[in-house]
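Architecture and fold: a report
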Amino acid sequence: MPTEAEELPPLNLYRGRLGAALGISLRAGLGLGDEGRAGALVDFERELEACFAVLSGRKGPRESGSGTSAEDRRPGKGGLIGYGSLIYGASLAARSLEAPDLLSAVADLLSAREFEHVGGGEGFDLLEGAAGWILALLAFEAEARRHGMAEAADLALRLAVAAASELLEGRSAAEPRAWANPMGAVLTGLAHGAAGVSCAFSRLARRLRLRDSESNAGGDVPARLDAAVDDASAFEDELFDADSQTWRLHAADGGSGPHHAWCYGAPGIVLARFEAWRCGGSPVRTERLKRALKAALGGPLSSLDNLCCGNLGRAWALDEVSRRLGQSRSRVDGELRDLADSAAVRADRLSYDALRYYQRRGGFGFPEDRASSLFKGPVGIAAAFWALADPGELPCLLDMSTYRQSDELQSPVQSGLS
């Protein structure tokens, strides 16, 4: 765990102590036994208490576009930085450590505070904004329902729909129909751009349709979410660079790439496009998924190995999409099946090369000031190796998945999605 001197931020899975504690919790859930889980739970509860201490006396999350006063420095709602990081982290740790009391703490938080407006650091994105908030709520909703916490699960789903509805209204009226960050840039990519919103919208639409089959809870929201996903993907298509076979960051980006990372580039975008394809595999979505896979297969080895910007984030994304496509083989055509197989091979090669360079350099590549970080440092690198070594037994942190992909092979009721 990080030392006190590091002063890493709470409510921060991306590079804070909470993310390091979650990484340890995930490892404990892979077979360290009761003693290992107990020790990991002590660590995670300590970081959770630190998060609640920060929140003590606060009125709620800050709104998008806030200034720098003490009040405006309150946490946002983002999925990896902000309230959503606490919710997502606790949801995964509860399952991994067999500690449902962690869910009760989240339920109390959601019921005690007002979360009616999107708010959040960067407004819309996965890292600090509403897309990550939606994904965190869906992760909690699945786990809460699995433990019979129907009232808390229903509240989380309502909050996710409310956030999505606000995001739908916040799109630009003119082309491109996407979302601008506080600096006015409309970006591609999963962490900070349109792909993150697409991922959240697709997962929410699929969730609502599962519930619709019994209660008609979703109304016309899934169709509106689908349309927004296709608009956002069309925006990204316009910024695909044929020469580098990847995406530019934004319309004015003429030379900062190419980008081959989770944060910016094909490895993150392919996760979002798989989620859209799984939600509704139209011919257009199928072709978009194929393009993203082809792009993610290319590109050189990076000098970094971390999840955010490096080789292991890219390897995990490729392996995850390959495995998920394998679970849907009845829907996969020959070309897509071949691409899925190639993605698995490329993931193995990237992880092997990272290990080879580790031996040559005497360490993995990551920023020196991120030694305790989940997405920037070795904790996330280790998580990627665990996921690659034990397929399907970890949730994919890169797209804020819920726990264990094997659950998706069960019926909605069995997997807690009633």
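Residues numbered from 1 in each chain as written. Predicted model: local features only at pLDDT ≥ 70, side-chain atom pairs only at ≥ 80, totals over all residues. Heavy atoms only, no water.

Structural notes on the overall build of the chain
- Along the chain, the regular secondary structure elements total 13 helices and two strands.
- Going through the 418 residues of the chain one by one, you find that 57% of them count as buried.
- When the accessible area of the chain is evaluated, it comes to approximately 16100 Å², of which 50% is carbon and sulfur surface. (Helix = DSSP H or I, 4+ residues; strand = E, 2+ residues; numbered from the N terminus. Buried < 20%, exposed > 50% of the residue type's maximum accessible area, 1.4 Å probe, protein only. Areas by Shrake-Rupley, 256 points an atom, 1.4 Å probe, with all protein chains shown as cover.)

Some remarks on the packing of helix α10 (residues 283–297) against helix α12 (residues 334–361)
- Direction vectors running N to C along α10 and α12 enclose 25°, while the axes themselves pass 10 Å from each other. Judged on the interaxial angle alone, α12 and α10 are roughly parallel. The crossing of α10 and α12 is left-handed. Taken together, the residues of α12 that come into contact with α10 (itself represented by Thr 286, Leu 289, Lys 290, Leu 293, Lys 294 and Leu 297) are Glu 335, Leu 336, Leu 339, Ser 342, Ala 343 and Arg 346.
- Among the residues making up the contact of α10 with α12, the classes are represented as six nonpolar, two polar and four charged. (Axes fitted to C-alpha atoms, helices over the stretch in contact; angles between N-to-C directions. Parallel < 35°, antiparallel > 145°, perpendicular 65-115°, else oblique. Left-handed = near helix turned anticlockwise from the far one by under 90°. Contact = heavy atoms within 4.5 Å. Nonpolar A, V, L, I, M, F, W, Y, C, P; charged D, E, K, R; others polar.)

Some thoughts on empty space enclosed by the protein
- Overall, the coordinates contain one cavity of 30 Å³ or more when judged by the stated rule.
- Roughly 40 Å³ of internal volume is contained in the largest cavity.
- Contributing to the lining of the largest cavity are Val 229, Asp 230, Ser 233, Arg 273, Ala 276, Arg 285 and Arg 288.
- Counting only elements with at least two residues in the lining of the largest cavity, the list comes to α8 (221–238), α9 (266–279) and α10.
- Looking at the lining of the largest cavity element by element, the count peaks at three residues for α8.
- The residue makeup of the lining of the largest cavity, split by class, is two nonpolar, one polar and four charged. (1 Å grid on protein atoms, 1.4 Å probe; cavity = no way out; pocket = protein on both sides within 12 Å on 5 of 7 lines; lining within 4 Å. Points joined across faces, edges and corners; volume = space filled by probe spheres on them.)

Looking at α12
- Here α12 contains 28 residues, and its C-alpha end-to-end distance of 40 Å stays within 8% of the 40 Å for a straight helix at 1.5 Å per residue.
- Every buried residue of α12 is listed here: Leu 336, Leu 339, Ala 340, Ala 343, Arg 346, Ala 347, Leu 350, Ser 351, Asp 353 and Ala 354.
- Residues of α12 that are buried sit in contact with α9, α10, α11 (311–326) and α13 (378–389).
- Two or three places before Glu 335, at the opening of α12, Asp 333 has a side-chain oxygen 3.2 Å from that residue's backbone nitrogen.
- After α12 finishes, the residue Gly 362 shows a positive phi value of roughly 80°. (Expected span 1.5 Å × (residues − 1). Polar contact = N/O pair within 3.5 Å; in protein donor to acceptor, adjacent residues only side chain to side chain.)

Digging into the side chain of Asp 125
- By secondary structure assignment, the location of Asp 125 is in the loop between α4 (101–112) and α5 (130–146).
- Classification of Asp 125 by relative accessible area gives buried; the value is 2%.
- Of note is the side chain of Asp 125, whose polar atom sits 2.8 Å from the backbone nitrogen of Gly 129.
- Once residues lying within four places of it in the same chain are set aside, the contact partners of Asp 125 are Ala 130, Ala 131, Gly 132, Ala 191 and His 192.

What about the packing of aromatic side chains?
- This structure, assessed with the given rule, holds seven aromatic pairs.
- Seen from their ring centres, Tyr 14 and Phe 375 are 5.7 Å apart, and the 25° between their planes marks the pair as stacked. In this pair, Tyr 14 sits in the segment before α1 (17–28) while Phe 375 sits in the loop between α12 and α13, placing the two residues 361 residues apart along the sequence. Grouping residues by exposure puts Tyr 14 and Phe 375 together as buried.
- One aromatic cluster is present, built from ring pairs that chain together Tyr 14, Trp 262 and Phe 375.
- The ring of Tyr 357 carries the charged tip of Arg 356 above its face, separated from the ring centre by 5.1 Å. (Phe/Tyr/Trp six-rings, centres within 6.5 Å; stacked < 30°, edge-to-face > 60°. Lys NZ or Arg CZ within 6 Å of the ring centre and 35° of its normal.)

Regarding the confidence of the model for the chain
- For the chain, the average pLDDT comes to 84, and 83% of its residues sit at 70 or higher.
- The low-confidence segment residues 1–7 (pLDDT under 50) makes 14 contacts with residues lying over four places distant or belonging to another chain.
- Below a pLDDT of 50 lies the segment residues 63–73, which in the model reaches 13 contacts outside its immediate sequence neighbourhood of four places, other chains included. (pLDDT = per-residue confidence, 0-100.)

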